[in-house]
Every structure is written in C-alpha cells, then in structure tokens.
There are 2 protein chains.
Amino acid sequence: MQEINNYVETHKQRFLDELFELIRIPSISSLPEHKPDMYRAAEKWKEILLAAGADKAEVYETDGNPVTYGEKIIDPKAPTVMVYAHMDVMPVDPVGLWKTDPFEPVVKEGKIWARGADDDKGQGFMHAKAFEYLVKSEKLNCNVKFLIEGEEEVGSPSLPKFCKKHKKMLQADVILVSDTSMIAPDVPSITTGLRGLAYWQVEVTGPDKDLHSGLFGGAVANPINVLAKMIAQVTDDNGRILIPGFYDDVVEVSRKERNMMAKAPFSLEEYKKSLDVKEVFGEKGYTTNERTGIRPTFDVCGIWGGYTGEGAKTVLPSRAYAKISTRLVPNQDHNKIAKLFVKFFESIAPKSVKVKVEYLHGGPSYVCPIDLPAYKAAAKAYTEVYGKTPIPVRSGGSIPIIATFEEVLGIKSVLMGFGLGSDAIHSPNENYPLEQFYNGIRTIPLFYRYFAEEMGR
Amino acid sequence: MQEINNYVETHKQRFLDELFELIRIPSISSLPEHKPDMYRAAEKWKEILLAAGADKAEVYETDGNPVTYGEKIIDPKAPTVMVYAHMDVMPVDPVGLWKTDPFEPVVKEGKIWARGADDDKGQGFMHAKAFEYLVKSEKLNCNVKFLIEGEEEVGSPSLPKFCKKHKKMLQADVILVSDTSMIAPDVPSITTGLRGLAYWQVEVTGPDKDLHSGLFGGAVANPINVLAKMIAQVTDDNGRILIPGFYDDVVEVSRKERNMMAKAPFSLEEYKKSLDVKEVFGEKGYTTNERTGIRPTFDVCGIWGGYTGEGAKTVLPSRAYAKISTRLVPNQDHNKIAKLFVKFFESIAPKSVKVKVEYLHGGPSYVCPIDLPAYKAAAKAYTEVYGKTPIPVRSGGSIPIIATFEEVLGIKSVLMGFGLGSDAIHSPNENYPLEQFYNGIRTIPLFYRYFAEEMGR
C-alpha cells in the first residue's frame, strides 16, 4: 500500500497531464464528423499502453470505430486479467450549459471537469497507470490484456464481431471494468447488476408537407398531437409500461434481496434536493433505488417536430420524431422487447398518420455473483483502500457489451467503478474527483494481488 | 376591362421585376436577426407607393417593426379605400425542403416560387399596380390609403397602438385586404370569416439538469414523457378540446348556413390525395370544411427536448418544450381562452415537474356581412373577371388585425384574396400562379369603380 501511495504522490501531475491529452480528443462516437477523432483516440491509447509497459499494442479496424488492443504476458500459466474500457464519449449538447470547454479539462474544487473526465477516459486511464506501477515495481503477477473500444456510447455495435474474430487473443480469466459508480466517497460499492437497453427512433408523418395551421388545422391529423398521444399510451400514470408482454420475463427480486438493497445509505430528501424536484416519480410499490436497480423503464430521450425557433410560428407540421429507450432487467431479452415495442407502437397509430419505428440498438442485462473469485479480490482491494467492505449494488445503467463478453467469450466481468453519482456523466459539466481518480490507481494493483491469490498463485 | 387587360399585358414583365425586388428582401418578422430587413422592406414599399402615384408615403416607427403608410387624396368628399397588406414573411425552415432559394424568386410552371410570393408580397403588390393603373389612366374615383405593416406573421403586436395613435390619418370607408385564398382558379370566392388565434409556449422542467437515463430513469419524472401525457389530455380521440369552458362561447352555425357552405365544390378524395393521407382527422359531426371553417382547433406547432441529433444518445432530459396554438371561431374571446388554457395546463401538471406557460400572442375572429356595399362591389368585380359570382367562404386562417381594425378604427374589411390552397404559404416551396397575380391586378380596379357606385358617386 505504502509503495503505491508513494508512486501516485510522485507522479500525480504527470498522470493528469497524460489523461488530459486523451480528454482533449473530442471522440464523440455518435457524431460521424468525429470519425477522425476516434482514430486519434485509438492511436493515443496505443501510445499510453506501450508507455505503461505493454509488450505490444495495436489499433484494429472493425466494422465501425477502431479498437485498441495491448497486452503483457508474463507467464502463460499465470491468471489473465483483461481490462475493458472505452475511448469514446457522449455528445456535449447543450453546450451552453457547460461552465468550461468540455474538451479542455480543468482542475477546480478538487475535480477534473471535462467530457470523459469520468466516463470513461478518467476511469479507463486509471488502469493504464496501475499497470504502469505494477510493471515498474516488478510486482505484476498476472497476464494483462487491454481492450479499449470506441463505440460504447452507441451500444458497441462492432465489438461482438471483433470478439468472435479474436476469441483466442481475448482469452482471460476475468474482465475488469471501471465504468460505473460507487455510492459515495466514503461508501464503496461494486456494481453486481446492469440493466439492459433497447432504443428506437420513431417518425410520425401526417400530411406530406408542412401546412398552414389555420387553413388545415382541425381537419388533418397533426403528427405532434398524434405522437404525444401515442407516447402517452405507452405508460400508465405511475410509469408502468403498457406494452403487452413487456413484463412477461421480468423475474421479481426476492424480498430478502430487496431488504439487503435497502441497507444502502439513501436519503430521499437529499436525492430530491440534488435534482431540484418536489416529488420523485416511478412505478408504484417500489423504492427509488429499486426503480432504477431492479425495474425496467420507459424514457423518451428526445423529441422534435414543427417550429422550434423563437417566437410564434403557426404551422401544422408534416412530421414529428422521438428517440425512445427502455432499460431492461435480467431475463428480459432486448431483441424480444424490440419487437414488442414496434408491434405495440404501430398498433396504436391512428390511420390518419404513417408511423415508422426504427430499432437503433440494444443490449442484454448482466449479473455478477458475489462469490466469484474476482469479485472477492475486488472487495478486498476496496476494503484496504477505503477501510470499508464495499456494498454489492445493482445499477440502473447499461453496458451492453458486458453481457456480450459473457455470451461470446465466456468471461465474467467485475465492475470496479470509482465514479460518483455527482459526476454528471452524459450531462454538461461532467467531472471526476481527483481523490477517486487517485484512489482508483491505488486500488487496482491490490485487485491484481488478491486475484492471483484467489486463483492459487 | 379591355383597357386594364392591355395595361397588364404591356407591363407584365416590369410588374414581376418590381415584385421580385421586394421578395428578395428576407423580411422574416419572427427572427430578430432580420430586423434590418424589415426596414429595407419598409423603404422598398415607400418607393413602390410613390412610384405608383401616391401623393406621399412615409415609413413610421412603431414599438416593433416599421409601418409604411402612403396615400392619394383626390377629393375629401370621395369614398376612401384603405389597402392593408403586410411586408413580413414566415421563416423558411426546413430550408432543405425548398427546391429553389426561398428569397430568389423564379418563374416556373406558370408560377412564382419564393417565400412571400403569395403571402403577402405577391398579393399586396397587386394593389400597388392596380393603383398605378388607376392613376395613370386617370380613372381613380376614390381616395386611396395604403397601410403596410411588418408584424402580421407574429400577430401584429404593434399595429393596434399605431392605429390608435393615427386614427385620423387612417379614416376610411372600407379596408381592402388580399391575404386570403379563393377556392380554385375557376371557382372565385371571398372570405367572409376568419378564425381567431391563441398561441402559447410551454416549458416542462423535471430534474434541474440532464441525467443519465440508466442511473435515474424510472425514478425521476422525464419531462418529455410528462409533456406528451399533458398534450394528450388536451383533446379527446376525435380532436375535441377538453379544456373546461373552451366551447362555452362558440355559437353553433345554423343548419341553413352549413348547407350553403356545403355547396362549395370539394372532393375529399382529392383533398386526401393532395396531402398524401389515408384518412382525415377531426371533430366528430363536422365535415372537413366545417372543421376548418366554423370549429375551433388545437394544434401543437412545435415540440422539442432532449437529444435530437443522429444516433442513439440515452438521456433523461431536464426540460421539454412545445409551441401550442388554438384557432378560435367568432364569439370566442382569445384573452379568455388564453387564461383557460393556462389554468387547465397547469392543473394537469404532476407534482414531479415544474410547468411554465407563456401566452405568446392571440387575436379575435372576424365576420364580414355579405350585404356590405364593399362586399357587393368586390363580388361584382370578381364576377366580371372570372365570369362567376364568388362564393362567400369562412376561412380557417387568422388575420388578428382585421378584428382590431373594426374595434379600434370602426372600419369593416373586405378580404379579396387571390391565393390558392396549393400556394404552400408558410411552407417550403411557397408559390403564386402568375394568372392569379395578373387577375388580381385586373380585378382590383373594378372594385374601386363599383365601390364608388355603391357609395353613390
């Protein structure tokens, strides 16, 4: 512990400088104009891995954005840890709400402020530096592989095929991921469950051109009015989803497990205050943490149509659009849900409009058992750095590729997240506390030590 | 008739060239960046009026965009006609759907294609040329005033005050307006009723920042989900408006008048085909023409919120917005309706969100009796040019200032429109048939002749 603490203390500023070079690359995977930045980020990661001590590192082409893979094999018989992280980030709109340039990181109030500061450049980079320490101090007792992808924020469409193609290269005993949060800086936790995801874009077309709302209003279906009514029909007044068959495969979590979950410290008052809402909203019969942890959801992520400029333009628009997502819980099949939604949404469309539903992407949910050797090693590592046993937590977020790893490579993942709920990932003013960044670099080497022990080495 | 026909034939190209100079000024009143263009348009109209034979013409400042006023007084005892038109136009978005530059008019397929080609530069300009003819041919037997405003498309907010201030200057026996349509090139009609308008912008705020839809989805109200549900509650499945008190002041139109209206030629099949819709939609118990002519409506003119870019960004947005309008029929008070909507919309907001409703603008409806001397003069003029008696029609559109003229100046308006339903006003590819443009210039001088006769001169 003391040695890694000293190492972090000595190299603090260099770690930040190097991370900032990575953050400055605006690698937004959902916007095609940033394609060149994806290649820059991939090359930067190759440079980072080689500098940290990898034997080799390469940028691989995929059907989409490139992947950077690097490795250091110390002994074919040693246990192998594969670190997974992503180099891509979310868009930064609305840009006006950022207090600083999203791609020019600054340190203020003990935090790094930038897009990707946490998700997932900051968290991913901790692994490179923990690895560097283990190599430099000659304490590395596992083989290490790094798989850094560039499409996580758009649902990792190309990675499953890449995994199938490079199955042998990607063999490992466990996949280690830092892309989640812990409850609080003094309440360490490890994510043991992730929700699945299904995401659609819908288009409602009324007349074939924008019309004068006076001359045609009242006689022709307005696609915005219709879209609103259709969206309204998907959930009841308590947020319960009305798509026939939607809950069929949901396994109710036992009362016992719900009681355990309820022990995580949580203040509804503080939660509401932190979001500036008077009341929370969600499915009846479940607590706030249950609503995000063990229940599926329906959220419209975006909506647009008609006149959205300044002032009052009267128009009966031709089209209205929405981006719609559901979060899914273990045992719900996202492909099945995708079809159920399309069928339902088309079935509720009035004949006065045309409706087009496009399934944009989805991914399965994931559960990590707490008796997994790698989970136990992670728990020990956190306990040593944070002084408390981490709480196993089911997160509401989705990392579709984690379930795919299990399916395609047969490898379980351990989600050693160091983010905080206040990091504003996916939002303006994303940030990552320096303390969490450095604690991550301190915790990860301990994981390797205990994992090797658990694996009998 | 022959003389005006000859005049139009001789000056055809010059009329177009002059009109195009006016159209090229992008005088979009709803966009503040076009403020300088409003002044350019006002100066252009001054030039047009003076060139056509006005004794004087001036650009007047108002609280908003400028007004151009010009006049020719031939005899204080002669009847006075005031021409009202507007120099401002609607925005041109979505620009991508225009086949030609909206502000570079072209003639193709016998039509002028440009923003403002019909509404209201093309139609307004006909009056300048009809006036020019009457002056040049020394046939002018009425005093003529021109009032050209620059805020019609945003609800004429400054003109009522301007009218109150210049009451004496604006005295007239009738106001003549070409800002409406006729049924078809071979079915002349005169608009005898206009719907009123009320227009709001609503803002629904959930959490105070955009959130990760996985970490918070299902536990915090999504403002887009909520806005959709709120909009859905404003109308029933047949488009009937559910705002309490909304229909209280609507006077049901008699069966006799509805039977007369039903005589206007109309093919539902062609109507549907022209809009590419399988079914029309509207209030039960009313025909398509009744739905736009004599019934109030509720249309969302615009909606936006969350992620609207390419691909799949998951987000639980902080805010969602909509621009909402109702068209009102005679006897409905737009100020009363404005309040009813605000009260209703706030009352249906769940406690998990904050709702802000802003009343952007509104205007009363209008009815023109068909025994008005000016109406009779207009009917005779159309009959002479088109060979058929025009049908009196109630239009679904709104020209709020027409009701204000009656209220403030005590003057009735006659709506001699030459537009067609296919002119795509307020839409991409606005156009105006040359034949309608020239027929307007032929018809208007006849109105002056018959109006003077009706007025005993």
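The shown structure was predicted, so the numbers you read here are calculated from the model rather than taken from an experiment.

K.L.:
How should I be thinking about helix 13 (residues 434–454) of chain A in this particular structure?
P.N.:
Every α-helix carries 3.6 residues per turn, so stepping three or four residues along brings you back to the same face. Taking 1.5 Å as the rise per residue, helix 13 of chain A with 21 residues should run 30 Å; its terminal C-alpha atoms sit 30 Å apart, in good agreement. For helix 13 of chain A, a buried count of 17 out of 21 residues is recorded, marking the element as mostly surrounded by other parts of the structure.

K.L.:
It is not clear to me how the packing of aromatic side chains should be interpreted in this structure. Could you clarify?
P.N.:
Two aromatic rings, taken as a pair, are described by how far apart their centres are and by the angle between their planes. Residue and element names in this part refer to chain A. The tally for this structure, following the rule as stated, stands at 40 aromatic pairs over all chains. Members of the aromatic cluster, connected to one another through ring pairs, are Trp200, Phe298, Phe341, Phe345 and Tyr359. The ring of Tyr438 has Lys12 lying over it, and the distance from NZ or CZ to the ring centre is 5.2 Å. Here Arg449 stacks its cationic end above the ring of Tyr450, 5.4 Å away from the centre of that ring.

K.L.:
Please clarify how the side chain of A:Ser178 should be interpreted in this entry.
P.N.:
Residue and element names in this part refer to chain A. Mapped onto the elements, Ser178 comes out in the loop between strand 7 (174–177) and strand 8 (189–194). Note on Ser178: relative accessible area 1%, which makes it buried. For Ser178, the side chain forms a polar contact with the main-chain oxygen of Met416, separated by 2.6 Å. Ignoring sequence-local partners within four residues, the contact set of Ser178 consists of Tyr84, Asp120, Gln123, Gly124, Met126, His127, Met416, Gly417 and Phe418.

K.L.:
So what exactly am I meant to see when it comes to the relation of the copies chain B and chain A here?
P.N.:
Both copies of the chain are placed relative to one another by a rotation about an axis and a shift along it. For the pair chain B and chain A, the superposition axis carries a translation of 0.0 Å, the fit reaches an RMSD of 0.1 Å, and the rotation angle comes to 180°. Taken together, the rotation and translation describe the operation of a two-fold axis. Interface residue correspondence from chain B to chain A reaches 100%, placing this contact among same-surface, isologous pairings.

K.L.:
It is not clear to me how the interface of chain B and chain A should be interpreted in this structure. Could you clarify?
P.N.:
Much of the literature gives interface size as the accessible area that the parts lose upon coming together. Each side of the interface is counted separately: chain B has 87 residues, and chain A has 87 residues. Carbon and sulfur atoms make up 55% of the surface buried where chain B meets chain A, a total of about 7500 Å² over both sides. Contact with chain A buries area across many residues of chain B, yet B:Lys229, B:Ile303 and B:Lys313 alone supply 9% of it, more than any other trio. Counting every contact that joins chain B to chain A gives two salt bridges. The residue A:Asp276 makes a salt bridge to B:Lys354 at a minimum N-O spacing of 3.2 Å. At the junction of chain B with chain A, the criterion picks out 42 residue pairs in polar contact (both at pLDDT 80 or more). Broken down by secondary-structure element, the contributors of at least two residues to the side of chain B that touches chain A are strand 9 (196–205), helix 5 (213–216), helix 6 (223–232), helix 8 (268–275), helix 9 (288–293), strand 10 (297–306), strand 11 (319–328) and strand 12 (354–363) of chain B. Ranked by the residues each element gives to the side of chain B that touches chain A, the list is headed by strand 10 of chain B, at 10 residues. In terms of residue class, the side of chain B that touches chain A is made up of 36 nonpolar, 30 polar and 21 charged.

K.L.:
Which parts of the structure should I look at to understand the packing of helix 6 (residues 223–232) of chain A against helix 6 of chain B?
P.N.:
Packed helix pairs are specified by the crossing angle of their axes together with the interaxial distance, meaning the distance between the axes. Across the interface, helix 6 of chain A lies against helix 6 of chain B with an axial gap of 8 Å and an inter-helix angle of 110°. Our classification of the angle between helix 6 of chain A and helix 6 of chain B gives roughly perpendicular. Note on packing geometry: the crossing formed by helix 6 of chain A with helix 6 of chain B is left-handed. Here A:Ala228, A:Lys229, A:Ile231 and A:Ala232 of helix 6 of chain A come into contact with helix 6 of chain B, specifically with B:Ala228, B:Lys229, B:Ile231 and B:Ala232. Here the contact of helix 6 of chain A with helix 6 of chain B is composed, by residue class, of six nonpolar, no polar and two charged.

K.L.:
How should helix 6 of chain B be read in this particular structure?
P.N.:
Residue and element names in this part refer to chain B. Of all 10 residues in helix 6, 10 are buried, a share of seventy percent or more. Of all the residues in helix 6, the buried ones are Pro223, Ile224, Asn225, Val226, Leu227, Ala228, Lys229, Met230, Ile231 and Ala232. Where helix 6 begins, one side-chain oxygen reaches toward the backbone nitrogen of Ile224, 2.8 Å away; that side chain belongs to Asn222.

K.L.:
What am I meant to see in the domain arrangement of chain A here?
P.N.:
All names here are of chain A. In terms of domain boundaries, chain A breaks down into domain 1 (2–194 + 365–454) and domain 2 (196–250 + 296–363). Between the C-alpha centres of domain 1 and domain 2 the distance comes to 35 Å. Counting residues at the interface gives 10 residues for domain 1, matched by 10 residues for domain 2. Carbon and sulfur atoms supply 54% of the area buried between domain 1 and domain 2, which totals about 660 Å² over both sides. Interface area lost by domain 1 to domain 2 is led by Ser365, Ser398 and Pro400, which between them contribute 60%. For the pair domain 1 and domain 2, the number of links is zero salt bridges. At the surface where domain 1 touches domain 2, the tally comes to one residue pair in polar contact (both at pLDDT 80 or more). Grouping the amino acids of the side of domain 1 that touches domain 2 by side-chain chemistry returns four nonpolar, five polar and one charged.

K.L.:
Got a minute to help me understand the sheet that holds strand 4 (residues 106–108) of chain A in this structure?
P.N.:
Backbone-to-backbone hydrogen bonds pair the strands of a sheet. The strands run either parallel or antiparallel. Residues and elements named next belong to chain A. Ordered by their spatial adjacency, three strands build an open sheet running 4-5-16, and the pairing between neighbours is antiparallel. If you trace the sheet from one side to the other, it starts and ends with strand 4 and strand 16 (431–433), each paired once. Direction aside, the axes of adjacent strands within the sheet are offset by 30° on average. Relative to the sheet, helix 1 (residues 2–23) contacts strand 4 and strand 5 (111–113), its axis offset from that of strand 5 by approximately 25°.

K.L.:
Could you clarify how one ought to interpret the side chain of B:Thr191 in this entry?
P.N.:
Relative to the helices and strands, B:Thr191 is located in strand 8 (residues 189–194). Setting aside residues up to four positions removed in sequence, B:Thr191 forms contacts with B:Thr180, B:Ser181, B:Val393, B:Ser395 and B:Leu415.

K.L.:
When you look at the pattern of salt bridges in this model, what are you seeing that I'm missing?
P.N.:
Two side chains carrying opposite charge are able to pair once their charged atoms lie near each other. Counted according to the given criterion, the structure contains 56 salt bridges over all chains. Among the salt bridges present, the one from B:Glu203 reaches B:Lys356, with a minimum N-O distance of 3.8 Å. Note that B:Glu203 is positioned in strand 9 and B:Lys356 in strand 12, a separation of 153 residues in sequence. Three or more residues joined by partner-sharing salt bridges are found here, namely A:Arg14, A:Glu18, A:Lys129 and A:Glu132.

K.L.:
Looking at this model, I keep getting lost on the pairing of strand 10 (residues 297–306) of chain A. Mind explaining?
P.N.:
Two faces, one strand: in a regular strand the side chains alternate between the faces of the sheet. By the criterion of burial, strand 10 of chain A is predominantly enclosed, with nine of the 10 residues buried. As defined by bridge partners, strand 10 of chain A adjoins strand 11 (residues 319–328) of chain A across eight bridges and the pair is classed as antiparallel. Bridging from a neighbouring strand, A:Val300 pairs with A:Ile324 of strand 11 of chain A. Pairing of strand 10 of chain A with strand 10 of chain B, which is carried by five bridges, proceeds in the antiparallel orientation.

K.L.:
Honestly, the sheet that holds strand 16 (residues 431–433) of chain B in this entry has me stumped. Any pointers?
P.N.:
All names here are of chain B. On the basis of which strands lie adjacent, the open sheet formed by three strands has the order 4-5-16 and antiparallel pairing. The open sheet has two edge strands with one neighbour each: strand 4 (106–108) and strand 16. When the angles between neighbouring strand axes are averaged without regard to direction, this sheet yields 30°. Summarising the sheet, strand 4 and strand 5 (residues 111–113) pair through three bridges and their orientation is antiparallel. Note on strand 5: the bridge partner recorded for Lys108 is Lys111. Where helix 13 (residues 434–454) meets the sheet, it contacts strand 4, strand 5 and strand 16, and its direction lies at approximately 60° from that of strand 16.

K.L.:
Sorry if this is basic, but what is going on with the packing of helix 1 (residues 2–23) of chain B against helix 13 of chain B here?
P.N.:
Residue and element names in this part refer to chain B. Two elements in contact, helix 1 and helix 13, have axes separated by 10 Å at closest approach and are oriented at 125°. Comparing their axes, helix 13 and helix 1 come out oblique. Crossing handedness for the pair helix 1 and helix 13: right-handed. Residues Ile4, Asn5, Val8, Lys12, Phe15, Leu16 and Leu19 of helix 1 touch helix 13, and the partners they reach there are Leu434, Phe437, Tyr438, Ile441, Arg442 and Pro445. Within the contact of helix 1 with helix 13, the residues separate by chemical class into 10 nonpolar, one polar and two charged.

K.L.:
How should I be thinking about the pairing of strand 3 (residues 80–86) of chain A in this particular structure?
P.N.:
Residues and elements named next belong to chain A. Burial within strand 3 is extensive, with seven of its seven residues counted as buried. By the bridge criterion, seven bridges tie strand 3 to strand 6 (residues 143–149) in an arrangement that is parallel. Directly across from Ala85, in strand 6, lies its bridge partner Ile148. Bridge count between strand 3 and strand 7: four bridges; the pairing is parallel. Within the sheet, the bridge partner assigned to Val83 lies in strand 7 and is Leu176.

K.L.:
For this particular structure, what's the right way to read the state of the cysteines?
P.N.:
Disulfide: a covalent bond formed between the sulfur atoms of two cysteine residues. Counted by the stated rule, this structure contains zero disulfides over all chains. Free of any disulfide, B:Cys163 has its nearest cysteine sulfur in B:Cys368, 18 Å distant.

Rules of the game
Residues numbered from 1 in each chain as written. Chains lettered and ligands numbered in written order. Predicted model: local features only at pLDDT ≥ 70, side-chain atom pairs only at ≥ 80, totals over all residues. Heavy atoms only, no water. Helix = DSSP H or I, 4+ residues; strand = E, 2+ residues; numbered from the N terminus. Expected span 1.5 Å × (residues − 1). Buried < 20%, exposed > 50% of the residue type's maximum accessible area, 1.4 Å probe, protein only. Phe/Tyr/Trp six-rings, centres within 6.5 Å; stacked < 30°, edge-to-face > 60°. Lys NZ or Arg CZ within 6 Å of the ring centre and 35° of its normal. Polar contact = N/O pair within 3.5 Å; in protein donor to acceptor, adjacent residues only side chain to side chain. Contact = heavy atoms within 4.5 Å. Least-squares fit on C-alpha atoms with pLDDT ≥ 70 in both. Buried area = accessible area lost by both parts, 1.4 Å probe. Salt bridge = Lys/Arg side-chain N within 4 Å of Asp/Glu carboxyl O. Nonpolar A, V, L, I, M, F, W, Y, C, P; charged D, E, K, R; others polar. Axes fitted to C-alpha atoms, helices over the stretch in contact; angles between N-to-C directions. Parallel < 35°, antiparallel > 145°, perpendicular 65-115°, else oblique. Left-handed = near helix turned anticlockwise from the far one by under 90°. Domains from an automatic or database assignment. Pairing = 2+ DSSP bridges. Disulfide = S-S within 2.5 Å.

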